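The primary structure of each chain is shown beneath.
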Amino acid sequence: MRIGPAHQAARSGDACAAVTPFRPGGESARLLATLRAHIARLEQGHAQFERQKSRAQPWLTGLAELDRHLPAQGLQRAGLHDVSPRAYGDQPAAMGFALALALRRLSDAGERRPLLWCRLSSHEREHGRLYGHGLERLGLPRHRFVTITLKKPASLLWTMEEALKSGAVAAVLGDAEAAHADLTTTRRLSLAAAAGKCAAILTFAKPDASATASHTRWTAAAVPSSSPAHDAAAPGAPCWNIELTRARGGRPGAWTLEWHHAQSRFSLVTGFSRRAIHPGTDQDGPETARQGPALRTG
């Protein structure tokens, strides 16, 4: 097709228009100002997000003697952990220690999500239900947690997985049975915790040595607590004998810890060496085993 002079002139005009400098004015100036304001808001939001990320503290116990055994970044903030009782009757101690770890997680300045605690009805019949006033005394406000009781272990694990994936909670605690919380199931929980950017802590009903996908594994046993100085007959702070049996990037260790709810921190208790208060459960020697009825603390 032949291009006539008129077409050539039109195309020459287009080329001239393409190199004509842009001079904002009127509607163009308003559009440019809107774009600049939008970019400024995006930059401000990104800076605020980075500040929030920097405020996210590593999940540590706050006790240097224990934290030295954890990985460099502390406990996995979005991962799975588990606590097992050292002997029968120590599950309340395991639950208390698991709650203390969760409270350390909730103490972050930027964390506003609540805690979900999933209980098995069989475990409640064995060791009792959660008590709101007692949880408050341990440092967990009532408005920061939700609890649910289920009959079947499979239903509880499904509830934990869905809650973790939702990202609506900071941490999920749950009763566990070794027969149901196998490596495959705990791997699903670990992936769900990573997806929802929240933590999961399983508390087993019995001492368990089977493989799980947990980042850290702990055992807990109750030990007698020291009475406060002003009243020798009053019970003291919760006290546990804790052992870190497995930690990815960390190393095992054992401590006797006391929990101070007002400061949400642990402290070391001197004078104990893997001592259990249940007769016949101490493996370190018969001289520490006690006679008579067993005590339960923590």
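All residue numbers here refer to positions counted from 1 along the written sequence of the relevant chain. Under the rules for a predicted model, residues below a pLDDT of 70 receive no local features and side-chain atom pairs below 80 are neither given nor counted, while totals for whole chains, interfaces and linings still include all residues. The basis for every side-chain value is the complete set of non-hydrogen atoms in the structure, without hydrogens or water.

Chemist: Honestly, the sheet that holds strand S9 (residues 265-268) in this entry has me stumped. Any pointers?
Modeler: Backbone hydrogen bonds hold the strands of a sheet together, and the pairing may be parallel or antiparallel. With mixed pairing, the nine strands of this open sheet are ordered in space as S3-S2-S4-S5-S1-S6-S7-S8-S9. Two strands bound the open sheet, and with one partner strand each, they are strand S3 (145-150) and S9. Adjacent strand axes in the sheet meet at a mean angle of 25° when their direction is disregarded. Any two strands with at least two DSSP bridges between them are considered paired. Working definition: helices are DSSP H or I runs of at least four residues, strands are E runs of at least two. Numbering for both runs from the N terminus. When strand S2 (residues 115-120) meets S3, the two strands line up parallel, connected through six bridges. Opposite Leu120, over in S3, you have Leu150 as the bridge partner. Note on contacts: a residue pair qualifies if any of its non-hydrogen atoms lie within 4.5 Å across the two residues. Lines are fitted to the C-alpha atoms to define the axes, a helix being fitted only along its stretch in contact, and any angle between axes, read from their N-to-C directions, falls within 0 to 180 degrees. Those strands touched by helix H4 (residues 91-106) are strand S1 (80-85), S2, strand S4 (171-176), strand S5 (199-204), strand S6 (216-222), strand S7 (239-247), strand S8 (253-260) and S9, and its axis lies near 170° from that of S5.

Chemist: Got a minute to help me understand the pattern of salt bridges in this structure?
Modeler: Side-chain pairs of opposite charge can arise where the charged atoms are in close proximity. For this analysis, a salt bridge means a side-chain nitrogen from Lys or Arg found within 4 Å of a carboxyl oxygen belonging to Asp or Glu. Within the structure shown, the criterion is met by eleven salt bridges. Its salt-bridge partner being Arg105, residue Glu111 comes within 3.0 Å of it at the nearest N-O pair. Burial here depends on accessible area, computed with a 1.4 Å probe over protein chains only, as a share of the maximum for the residue type. Under 20% is buried, over 50% is exposed, and the range in between is partly exposed. You can call Glu111 buried: its relative accessible area is 7%. By relative accessible area, Arg105 is classed as buried at 2%. The partner of Arg188 in a salt bridge is Glu161, with the nearest N and O atoms 2.8 Å apart. Linking Arg188 in helix H8 (residues 183-196) with Glu161 in helix H7 (residues 153-166), this pair joins segments that are 27 residues apart in sequence.

Chemist: Could you clarify how one ought to interpret the nonpolar core in this entry?
Modeler: The nonpolar side chains of soluble globular proteins are, as a tendency, buried together. Here the nonpolar core consists of buried residues drawn from Ala, Val, Leu, Ile, Met, Phe, Trp, Tyr and Cys, with membership extended through side-chain atoms lying within 4.5 Å. Phe97, Trp218 and Phe266 are the most contacted members of the largest nonpolar core, which totals 38 residues. Of all the secondary-structure elements, those providing two or more residues to this core are H4, S2, S4, S5, S6, S7 and S8. A total of eleven residues in this core trace back to one element, the largest contributor, which is H4. Judged by nonpolar contacts, the second largest core, of 21 residues, contains Leu116, Ala163, Ala176 and Ala192.

Chemist: Hey, could you run me through H4 in this one?
Modeler: In an α-helix there are 3.6 residues to a turn, and that puts residues three or four apart on one side. The first and last C-alpha atoms of H4 sit 22 Å apart over 16 residues, in line with the 22 Å expected at 1.5 Å per residue. Of all 16 residues in H4, 15 are buried; the element is thus mostly enclosed. In this analysis, the expected span of each helix is defined as 1.5 Å times one less than the number of residues it contains.

Chemist: Explain unusual backbone geometry here, please?
Modeler: Of all residues except glycine, most have a negative phi; of all peptide bonds, most are trans. Positioned with a positive phi, Lys197 is a non-glycine residue whose angle comes to about 55°. Structurally, the position occupied by Lys197 is in the loop between H8 and S5. For Lys197, a relative accessible area of 58% puts it in the exposed group. Unusually for a residue other than glycine, Ser264 sits at a positive phi of about 50°. In this structure, Ser264 sits in the loop between S8 and S9. Looking at Ser264, the relative accessible area reads 16%, which means it is buried.

Chemist: Whenever I open this one, H8 confuses me. Can you help?
Modeler: In this model H8 runs 20 Å from its N-terminal to its C-terminal C-alpha over 14 residues, within 8% of the 20 Å that 1.5 Å per residue would give. Within H8, the full set of buried residues consists of Thr186, Leu189, Ser190, Ala192, Ala193 and Gly196. Looking down the long axis of H8, one finds its buried residues gathered within 165° of arc, a one-sided arrangement. Facing away from the buried side of H8 by more than 90 degrees, the exposed set consists of Thr184 and Ala195. Looking at the buried positions of H8, the neighbouring elements they touch are S1, H7 and S5. Immediately downstream of H8, the backbone of Lys197 shows phi near 55°, a positive value. The arc in question is formed by the directions pointing from the helix axis toward the C-beta atoms.

Chemist: Honestly, the packing of aromatic side chains in this entry has me stumped. Any pointers?
Modeler: When we look at a pair of aromatic rings, we describe it by the centre distance and by the angle of the planes. Pairing of aromatic side chains here covers Phe, Tyr and the six-membered ring of Trp, requires ring centres within 6.5 Å, and sorts the geometry by plane angle: under 30 degrees stacked, over 60 edge-to-face, intermediate tilted. A complete count under the given rule lists five aromatic pairs for this structure. Where Phe97 meets Trp240, the ring centres are 6.0 Å apart and the plane angle is 70°; that geometry is what we call edge-to-face. Note that Phe97 is positioned in helix H4 and Trp240 in strand S7, a separation of 143 residues in sequence. In this structure Phe97 comes out as buried when scored by relative accessible area, which is 0%. Members of the aromatic cluster, connected to one another through ring pairs, are Phe97, Trp218, Trp240, Trp259 and Phe266.

In short, shape yes, function no, at least from these values alone.
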